[in-house]
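Coordinate analysis (summary)
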Amino acid sequence: VQVVESGGGLVQPGGSLRLSCVTSGFTFSDYNMNWYRQAPGKEREWVAGLTSTGIINYYADSVKGRFTISRDNAKNTVYLQMNSLKPEDTAVYYCNARRLITYWGKGTLVTVSS
């Protein structure tokens, strides 16, 4: 099983980034997908989730209206479009695949700073 995040980097406040999470080794279309993040010195927190069909999505209040989660089941990939980024969005972002078993990636660092 592989879960590999990419797309992180340094961005100025107000900017945008698109994170990708490419998976393999399991039936992607059967799994609900989530994004989590962990800021320096803080616990990991859930950011957004999407059902296996891609029909229902959920967002933490802190990112609602700014972030969009989506998936491409043909590419075994989930995305997180992040707009209007704030310094408090700085964190390592992790992809999570969840069904009866949970798989995690190793994360990608997003830094929002001027």
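Notes on the structure follow. (Residues numbered from 1 in each chain as written. Predicted model: local features only at pLDDT ≥ 70, side-chain atom pairs only at ≥ 80, totals over all residues. Heavy atoms only, no water.)

**Details of the side chain of serine 20**
Mapped onto the elements of the fold, serine 20 is located in strand 3 (residues 17-24). On the basis of relative accessible area, serine 20 is assigned to the buried category, the value being 16%. (Helix = DSSP H or I, 4+ residues; strand = E, 2+ residues; numbered from the N terminus. Buried < 20%, exposed > 50% of the residue type's maximum accessible area, 1.4 Å probe, protein only.)

**Considerations on the pairing of strand 5 (residues 45-50)**
Of the pairings in the sheet, the one linking strand 4 (residues 32-38) to strand 5 comprises five bridges and is antiparallel in character. Bridge pairing in strand 5 links arginine 37 to glutamate 45. Linkage of strand 4 to strand 5, two consecutive antiparallel strands, is achieved through a turn of six residues, within which glycine 41 is found at a positive phi near 80°. The turn linking strand 5 back onto strand 6 (residues 57-59) is made up of six residues, and glycine 54 within it adopts a positive phi angle of 80°. (Pairing = 2+ DSSP bridges.)

**Digging into the packing of aromatic side chains**
Applying the stated criterion across every chain, the model contains five aromatic pairs. Clustering of aromatic rings is evident, with ring pairs tying together Phe26, Tyr31 and Tyr103. Sitting over the face of the ring of tryptophan 104, arginine 44 holds its NZ or CZ atom 4.7 Å from the ring centroid. (Phe/Tyr/Trp six-rings, centres within 6.5 Å; stacked < 30°, edge-to-face > 60°. Lys NZ or Arg CZ within 6 Å of the ring centre and 35° of its normal.)

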